[in-house]
Amino acid sequence: MSTLNRSFLTLLLGSCALFLAQAASAETKIGVVNFQRLLEEAPQTKTIMQALENEFAPRRRELLTMQNDLKARDEKLQKEGAVMSEADRSKAEKTLRDGQREFSRKAGEFQDDASTRRNEELGKVQKYLVQEIQTYSQAQGYDLVIGEGVFYAKNALDMTAQVLAVLATKPATLPP
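Residues numbered from 1 in each chain as written. Predicted model: local features only at pLDDT ≥ 70, side-chain atom pairs only at ≥ 80, totals over all residues. Heavy atoms only, no water.

### Remarks on the packing of helix 4 (residues 86–140) against helix 5 (residues 160–168)
So, step 1. Two elements in contact, helix 4 and helix 5, have axes separated by 11 Å at closest approach and are oriented at 110°. When the axes of helix 4 and helix 5 are compared, the pair comes out roughly perpendicular. Residues Tyr128, Leu129, Glu132, Ile133 and Tyr136 of helix 4 form the contact with helix 5, whose participating residues are Gln162, Val163, Val166 and Leu167.
So, step 2. Of the residues belonging to the contact of helix 4 with helix 5, the class tally is seven nonpolar, one polar and one charged. (Axes fitted to C-alpha atoms, helices over the stretch in contact; angles between N-to-C directions. Helix = DSSP H or I, 4+ residues; strand = E, 2+ residues; numbered from the N terminus. Parallel < 35°, antiparallel > 145°, perpendicular 65-115°, else oblique. Contact = heavy atoms within 4.5 Å. Nonpolar A, V, L, I, M, F, W, Y, C, P; charged D, E, K, R; others polar.)

See below:
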């Protein structure tokens, strides 16, 4: 290593040490947010979950009706199958199988659609919550706010309740 590089490295390390010493001597305000709790308890999350429930309620009712109909057909076939003609029983079994396949297909589509929409909306809420944590942190003078990956923090550092209180004062719907 050349003398110039060694001198530069020494100067750089000295500057870093000085900077760290100054930062360590300043009082640092640190907060901890339990993001999972925030996500679960935020009024915005509850509003979105209710909207999704309303959005998918008609399809859920349709599937429930279809399921009850298939159950009734199956019970009827079990009771009357022994006295039915071979052709009628075969036709009833085929109709039941076709209905069950259709039900499975619709139920799968429903699950996929509901999961996709839920993930989309929760993504929006998560982004909003991060923005609100940042805004709250800056307004309250925090130097560092941490969330996931914290293994210990004093309860006095947990500011989740305060952020929830601020969220409760805001509209329960997300901004566009």
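### Digging into the confidence of the model for the protein chain
So, step 1. Counting all residues, the mean pLDDT for the protein chain is 83, and 82% of those residues have values of 70 or more.
So, step 2. Averaged pLDDT values for the elements of the protein chain fall to 44 in helix 1 (residues 3–25) and rise to 95 in helix 3 (residues 43–80).
So, step 3. Per-residue pLDDT stays below 50 along residues 1–22; that stretch engages in two contacts with residues further than four places along the chain or on separate chains. (pLDDT = per-residue confidence, 0-100.)

### A closer look at helix 4
In an α-helix, one full turn covers 3.6 residues, which means residues spaced three or four apart are oriented alike.
So, step 1. With 55 residues, helix 4 should cover 81 Å at 1.5 Å per step; its first-to-last C-alpha distance of 79 Å lies within 8% of that length.
So, step 2. The positive-phi residue at the C-terminal boundary of helix 4 is Gly141, with phi of around 80°. (Expected span 1.5 Å × (residues − 1).)

### Section: the environment of Ala92
So, step 1. Structurally, Ala92 can be placed in helix 4.
So, step 2. Sequence separation of Ala92 and Asp74 is 18 residues, and the distance between their C-alpha atoms is 9.0 Å.
So, step 3. Every residue in contact with Ala92, bar those within four places of it in the chain, is listed here: Leu77 and Met84.

### Focus: the nonpolar core
So, step 1. Core analysis: the biggest nonpolar cluster contains 25 residues, and Leu38, Leu129, Ile133, Val163 and Leu167 have the highest contact counts within it.
So, step 2. Residue assignment for this core shows that the elements contributing at least two residues are helix 2 (35–41), helix 3, helix 4 and helix 5.
So, step 3. Among the elements that make up this core, the one with the highest residue count is helix 4 (nine residues). (Core = buried A, V, L, I, M, F, W, Y, C linked by side-chain atoms within 4.5 Å. Buried < 20%, exposed > 50% of the residue type's maximum accessible area, 1.4 Å probe, protein only.)

### What about the side chain of Glu121?
So, step 1. Position of Glu121 relative to the elements: it lies in helix 4.
So, step 2. With near-sequence residues (within four places) excluded, Glu121 lies in contact with Ile48 and Leu52.

### Considerations on the pattern of salt bridges
So, step 1. Following the criterion strictly, the structure yields 16 salt bridges and no others.
So, step 2. With a closest N to O distance of 2.9 Å, Glu55 and Arg117 form a salt bridge. Taken together, the positions of Glu55 in helix 3 and Arg117 in helix 4 put the pair 62 residues apart, joining distant regions of the chain.
So, step 3. Look at Arg117 and you get partly exposed, because its relative accessible area is 23%.
So, step 4. For Asp98, the salt bridge is made with Lys94, and the minimal N-O distance between the two is 2.8 Å. Taken together, the residues span about one helical turn, with Asp98 and Lys94 both in helix 4 at a distance of four residues.
So, step 5. One salt-bridge network, held together by shared partners, links Glu55, Arg117, Glu120, Glu121 and Lys124. (Salt bridge = Lys/Arg side-chain N within 4 Å of Asp/Glu carboxyl O.)

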